[in-house]
Amino acid sequence: MDGRDWSKFLLPYEQSVEELKVKFKLLRTELKSREEYSPIEFVTGRVKKISSILAKAKKLNVPMDQLETGIEDIAGIRIMCQFEEDIERLAELIADRKDLKVLYCKDYIRNKKESGYRSYHIIVEYPVQTSLGMKNILAEVQLRTLAMNFWATIEHSLNYKYHGIIPADISGRLSKAAEAAYRLDKEMSSIRDEIVESQKLFEDHSILVSKI
Ligand code: 0O2
């Protein structure tokens, strides 16, 4: 594929990422207004870089004409939550949606990766309207707590810096940091009701002040 073919190939993925980001941000707004609390803290998204697509295709032995079905995270959405419990609720909300179809989930929270990585991945099929008609796009929706995201972001950049071979001393510290992030999630969950209540009070106060 040359540059022009790649940009054509990636167009529906770019559109899907943009649409899904808007939809999940609006879901946050809606839940905040309806229930005063949203399991969504913030949403990001990206289309996988061409170099990463090629590297993954090589690793998984996916032929170039089967990238659409062989690589499931070309379109990627990441949704950050405050608490682990929010991830369960959000996964249910996503499963109930009619504008996408959940194909399967990878639960790296119950089964954390050897690296220490924790996150809940949902592989979905998203129908996107293009000028040529409807196209079903595979996308990976990652659900993480803020602590899981903090750890994964740092580990990802270290992996990039050390080309996947992180020195033993740093890797040992990363393992400890993963345990600390796990404990932080558990501690925060144990006082979740208290935190949610105080955030609602704070928000009500801010709305009141802004109206004065
Ligand atoms: P990019 O393009 O940099 O965003 P894998 O072999 O890990 O790619 P696997 O194990 O099936 O495939 O994982 P999956 O479910 O396809 O998810 C891949 C994505 O999950 C990664 O994207 C990361 O965003 C995240 N991820 C998976 N494992 C780890 C990990 O150990 N550490 C961190 N920091 N993130 C992880 P890429 O590949 O980084 O793509």
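Placed above this text is the structure.
Residues numbered from 1 in each chain as written. Predicted model: local features only at pLDDT ≥ 70, side-chain atom pairs only at ≥ 80, totals over all residues.

K.L.:
Help me understand the site of the ligand, please; the structure alone is not making it clear to me.
P.N.:
Around the ligand there are 14 residues in total, and Ser52, Ser115, Tyr117, Ala152 and His156 lie nearest to it. A per-element tally of the shell around the ligand places helix H5 (residues 146–161) first, with 3 residues. Looking at the shell around the ligand, its residues break down into 2 nonpolar, 5 polar and 7 charged. (Near = placed C-beta within 6 Å. Helix = DSSP H or I, 4+ residues; strand = E, 2+ residues; numbered from the N terminus. Nonpolar A, V, L, I, M, F, W, Y, C, P; charged D, E, K, R; others polar.)

K.L.:
Just to check I follow, could you spell out the sheet that holds strand E2 (residues 75–81) for this structure?
P.N.:
Backbone-to-backbone hydrogen bonds pair the strands of a sheet. The strands run either parallel or antiparallel. Taken together, 5 strands build an open sheet; the order of strands is E1-E2-E5-E4-E3 and the sheet is mixed. If you trace the sheet from one side to the other, it starts and ends with strand E1 (42–47) and strand E3 (101–107), each paired once. The sheet shows a mean angle of 25° between the axes of neighbouring strands, taken without regard to direction. With 11 bridges joining them, strand E4 (residues 120–130) and strand E5 (residues 133–145) adopt antiparallel strand pairing. (Pairing = 2+ DSSP bridges. Axes fitted to C-alpha atoms, helices over the stretch in contact; angles between N-to-C directions.)

K.L.:
Any chance you could explain helix H1 (residues 3–35) here in plain terms?
P.N.:
Think of an α-helix as turning once every 3.6 residues; residues three or four places apart then point the same way. Along its 33 residues, H1 runs 47 Å from first to last C-alpha, staying within 8% of the 48 Å computed at 1.5 Å per residue. Leu10 marks the point of greatest bend in H1, at about 35°, and the proline Pro12 comes within the next four residues. Buried within H1 are the following residues: Pro12, Tyr13, Ser16, Val17, Leu20 and Phe24. Just past H1, the residue Glu36 takes up positive phi, approximately 70°. (Expected span 1.5 Å × (residues − 1). Bend = angle between axes of the 7 residues up to and from the residue. Buried ≥ 20, exposed ≤ 12 C-beta atoms within 10 Å, placed from the backbone.)

K.L.:
Sorry if this is basic, but what is going on with the nonpolar core here?
P.N.:
For soluble globular proteins, the rule of thumb is that nonpolar side chains tend to be buried together. Ranked by size, the top nonpolar core spans 29 residues in total, and within it Ile79, Cys81 and Ala139 carry the most contacts. Only H1, E2, helix H4 (84–96), E4 and E5 provide two or more residues apiece to this core. Those residues within four positions of Cys81 in sequence are excluded, and the remaining contacts are Pro39, Ile40, Glu41, Asp86, Ile87, Leu90, Leu143 and Thr145. The next biggest cluster of nonpolar side chains, apart from the first, holds 6 residues, and it includes Met148, Trp151, Ala152 and Ala181. (Core = buried A, V, L, I, M, F, W, Y, C linked by C-beta atoms within 7 Å. Contact = placed C-beta atoms within 7 Å.)

K.L.:
Which parts of the structure should I look at to understand the environment of Tyr117?
P.N.:
Relative to the helices and strands, Tyr117 is located in the loop between E3 and E4. Since 16 C-beta atoms lie within 10 Å of it, Tyr117 is described here as partly exposed. Note: C-alpha distance between Tyr117 and Phe24 (93 residues apart in sequence) is 23 Å. Leave out the neighbours within four places in its chain, and Tyr117 touches Tyr108, Lys112, Ala152 and Glu155.

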